[in-house]
Amino acid sequence: MPKSVFTPAYDTMLRNLIALRKERGVSQVELARQLGKEQPFISRIERGERRLDVVEFYALAQALGIDPAKAYGVLIEDFPAEVSI
């Protein structure tokens, strides 16, 4: 079984997360700054090179000015019917 970062669901989450950031008009640099990180941190997450955990997701959503629960709901709308880990 593949690691979850190599699944369609994880890819969908990343695409939606990137779209949310862009819809908010926030650059990777600004998002990283708000999180106290460097830009490559965000780039690695968005490219799927660094796994995003639930605590980081929460902080990322807050930094984008989005309620984390609502952000999660938006992100999973496009998930496949079956999700494997």
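Before reading on, note that the structure itself is shown above.
What counts, and where the lines are drawn
Residues numbered from 1 in each chain as written. Predicted model: local features only at pLDDT ≥ 70, side-chain atom pairs only at ≥ 80, totals over all residues. Heavy atoms only, no water. Helix = DSSP H or I, 4+ residues; strand = E, 2+ residues; numbered from the N terminus. Rg over C-alpha atoms; globule rule 2.2 N^0.38 Å. Buried < 20%, exposed > 50% of the residue type's maximum accessible area, 1.4 Å probe, protein only. Contact = heavy atoms within 4.5 Å. Areas by Shrake-Rupley, 256 points an atom, 1.4 Å probe, with all protein chains shown as cover. Lys, Arg positive; Asp, Glu negative; His and termini not counted. Charge placed at Lys NZ, Arg CZ, Asp CG, Glu CD. Axes fitted to C-alpha atoms, helices over the stretch in contact; angles between N-to-C directions. Parallel < 35°, antiparallel > 145°, perpendicular 65-115°, else oblique. Left-handed = near helix turned anticlockwise from the far one by under 90°. Nonpolar A, V, L, I, M, F, W, Y, C, P; charged D, E, K, R; others polar.

**What to know about the overall build of the protein chain**
So, point 1. Of the regular secondary structure elements, the protein chain holds five helices and zero strands.
So, point 2. When its helices and strands are written in sequence order, the protein chain yields α-α-α-α-α.
So, point 3. Whereas a compact globule of 85 residues would reach a radius of gyration of roughly 12 Å, the protein chain reaches 12 Å, a difference of no more than 12%.
So, point 4. Viewed in the frame of its principal axes, the protein chain has a C-alpha envelope of about 35 × 25 × 20 Å.
So, point 5. The buried share of the protein chain, reckoned over its 85 residues, is 39%.
So, point 6. Across the protein chain, every contact between residues at least 6 apart in sequence was considered, and the portion connecting residues at least 24 apart equals 63%.
So, point 7. Only carbon and sulfur atoms are counted for the fraction: they give 54% of the accessible area of the protein chain, which is about 5500 Å².
So, point 8. Charge-centre separation for the protein chain: the mean point of 12 positive side chains lies 5 Å from the mean point of 12 negative side chains.

**Things to note about the packing of helix H2 (residues 28–35) against helix H3 (residues 39–46)**
So, point 1. Two elements in contact, H2 and H3, have axes separated by 7 Å at closest approach and are oriented at 110°. Here H3 runs roughly perpendicular to H2, going by the angle between their axes. Judged by the sense of rotation from one axis to the other, the crossing of H2 with H3 is right-handed. Here H2 contributes Gln28, Val29, Leu31, Ala32 and Leu35 to the contact with H3, which in turn contributes Gln39, Ile42, Ser43 and Glu46.
So, point 2. By residue class, the composition of the contact of H2 with H3 is five nonpolar, three polar and one charged.

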